[in-house]
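If you want the building blocks of each chain, they are given just below.
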Amino acid sequence: MHTHRPPVSRAPSAALLRLALFIAALAIFAPLPLLAAQSGTFEGVVEVLWGDPSAASKEQAQHRIQVRTDAGQVIAIPNAGPSANAIAALSGNRVEVVVDEAAQGQRTVRFLRIIPTEQGDALLGGAVTGSQPWVSILCKFSDIASEPEDLTYFEGMYANTPGGLDHYWREQSYDLIDVVGSEAFAWVDLPNPQSTYIATPGSGTDANLGALFNDCTQAVNPFVDFSNGGNAFVGINMMFNGLLDCCAWGGSRFATLDGISKSWRTTWNPPWSFADEGIIAHEMGHGFGLPHSNNFDGDNNPYDSRWDVMSSATRNAVNHPIYGRLGKHTLSYHKDRLAWIAPGELFEPTANGTYTITIDQLALPSTPNYRMARLNPPTGNVYYTVEVRDLVGDYDGNLPGNAVIIVEVDPSRSQPAWVVDADVPPADTNFNEGSMWRVGEVFSDVGAEISIEVLSATANGFQVRIMYGSALPDALFDSGFE
Ligand SMILES: [Zn+2]
């Protein structure tokens, strides 16, 4: 039944090898200053980083795809286009690339192959299940004395009570993951002042994330066993007592710590980041391999969808007295990427026909119905997902409404999931009616031979009628968005 899957790496597989061949067919032009300063063949691990700016910084969202060599060189991959996204999908994999330095600083980076390793390509970007212990390490710039929050705050942030991150990730994943075993350690001093790491704190994009990682992990190393007695931490939340550049950052970092060499899920957080737990949840989401999602307005701001912690982390959020605005649920597309949607909870028709199904709201802990539908057009890689959201639970309680949400997914985009908006033009921020499909409304994409009609409200969601393929009646060919 589930023949179409997103092209993400859940395990070493034939699909991954096909992806590798796809990338190998493309030369990637990199008119960027590469830290790898000469032509040659390089082996290293793919790292993907997202930078999320504060409103005050006036910067745009940052996205870095890079290969870190064993010698510590960082080879930047230009981050636009399908080929870059395909390499990003290899986050955590050891790869071989060829750097060709041409005249005038024009260089190309050409993907050669994936190098099989123990830690494997399932680590990042695919399924995430089981216990995921993170460690919070708190690092002070040598010229800044303040401790914006105390150790108790960071320890409590991992609690399994509403508002705690263990509770949050259990709810997000329907108990398929937890962060049991996560710990926080007391503030330590970095060897250098803030200016050593960031030229202009609070602006720009030039925080030396590598030096911050190296110095912060080394500063805590006398107190922190990253191997965690054999149950190594999966991720590192670095909390700093001053601004970084524009941004809080999340993604991965390959390093050897306490004898463990792997891609660590990693976040870099200034004080405004850990003041709102939703931002920490967002950065951890990047650590789990999730990209941003978006609304439908086509601008370059990936923070204007109110339906996803991986877009607007803090708007339409539930407020907590201690931990500020909490993360909301992430779109079903993202949950499916992480393998949190059970096969029986995904409706994915393969035969033309008319189907009436019930989809329950996405925050429901368990369901006898569906959590999502995935509708694949007869041709192309762009498809739709259908989910239900409601103002319920500890994390979705302040969403814009109770409605069916339809998402267009284009895996070749750096933000694959865009929440469909029927308004013309689409709203700047998608708490609008056009983004909420109510009883009696019909979405149709005639070219894709798909229509979705919201029939009625049910106890925990909505009943919808899906027409798929040639079952689409002629009448719909005139209607388009209703
Ligand atoms: Zn982000």
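Above this text is the structure in question.
Definitions and limits used
- Residues numbered from 1 in each chain as written.
- Predicted model: local features only at pLDDT ≥ 70, side-chain atom pairs only at ≥ 80, totals over all residues.
- Heavy atoms only, no water.
- Buried < 20%, exposed > 50% of the residue type's maximum accessible area, 1.4 Å probe, protein only.
- Helix = DSSP H or I, 4+ residues; strand = E, 2+ residues; numbered from the N terminus.
- Salt bridge = Lys/Arg side-chain N within 4 Å of Asp/Glu carboxyl O.
- Disulfide = S-S within 2.5 Å.
- Axes fitted to C-alpha atoms, helices over the stretch in contact; angles between N-to-C directions.
- Parallel < 35°, antiparallel > 145°, perpendicular 65-115°, else oblique.
- Left-handed = near helix turned anticlockwise from the far one by under 90°.
- Contact = heavy atoms within 4.5 Å.
- Nonpolar A, V, L, I, M, F, W, Y, C, P; charged D, E, K, R; others polar.

Engineer: What is the right way to look at helix α8 (residues 277-287) in this model?
Structural biologist: In an α-helix, one turn spans 3.6 residues; hence positions three or four apart end up facing the same way. The buried count for α8 comes to eleven of eleven residues, which makes it a mostly enclosed element. What α8 keeps buried is the set Glu 277, Gly 278, Ile 279, Ile 280, Ala 281, His 282, Glu 283, Met 284, Gly 285, His 286 and Gly 287. Where α8 ends, the next residue or the one after it, Gly 289, has phi of about 100 degrees, a positive value.

Engineer: Explain the pattern of salt bridges to me, please; I cannot follow it from the model alone.
Structural biologist: Two side chains bearing opposite charge may form a pair once their charged atoms approach each other closely. Enumeration over the complete set of coordinates arrives at 15 salt bridges. In this structure, Glu 433 and Arg 438 form a salt bridge, with 2.6 Å as the shortest nitrogen-oxygen distance. For Glu 433, a relative accessible area of 45% puts it in the partly exposed group. Judged by its relative accessible area of 26%, Arg 438 is partly exposed. Two residues, Glu 453 and Arg 465, come together in a salt bridge whose shortest N-O distance is 2.9 Å. Of this pair, Glu 453 sits in strand β23 (residues 450-457) while Arg 465 sits in strand β24 (residues 461-468), and the two are twelve residues apart along the sequence. Overall, Glu 453 belongs to the partly exposed group, its relative accessible area being 22%. The partly exposed category is assigned to Arg 465, whose relative accessible area is 28%. When salt bridges with common partners are traced through the structure, they connect Glu 43, Asp 70 and Arg 94 into a single cluster.

Engineer: Just checking my understanding: could you explain the state of the cysteines for this structure?
Structural biologist: Simply put, disulfide is the name for a covalent bond between the sulfur atoms of two cysteines. Evaluated as defined, the whole model comprises two disulfides. The disulfide bridge from Cys 139 ends at Cys 216, spanning 2.0 Å between sulfur atoms. With the S-S dihedral at roughly 90 degrees, the linkage between Cys 139 and Cys 216 falls on the right-handed side. Taken together, the residues span a long stretch of sequence, with Cys 139 in strand β8 (residues 134-140) and Cys 216 in helix α6 (residues 209-220) at a distance of 77 residues. We classify Cys 216 as buried; its relative accessible area is 0%. Cysteines bonded in the chain are numbered consecutively along the chain; their disulfide partners then correspond to 1-2, 3-4.

Engineer: Could you clarify how one ought to interpret the packing of helix α4 (residues 165-173) against α8 in this entry?
Structural biologist: Any two packed helices are characterised by the angle at which their axes cross and by the distance between the axes. Two numbers describe how α4 lies on α8: the axes approach to 12 Å, and their chain directions differ by 55 degrees. Judged on the interaxial angle alone, α8 and α4 are oblique. The interaxial crossing formed by α4 with α8 has right-handed handedness. In this structure, α4 uses Leu 165, Tyr 168 and Trp 169 to contact α8, whose residues at the interface are Glu 277, Ile 280, Ala 281, Met 284 and Gly 285. Considered class by class, the residues forming the contact of α4 with α8 number six nonpolar, one polar and one charged.

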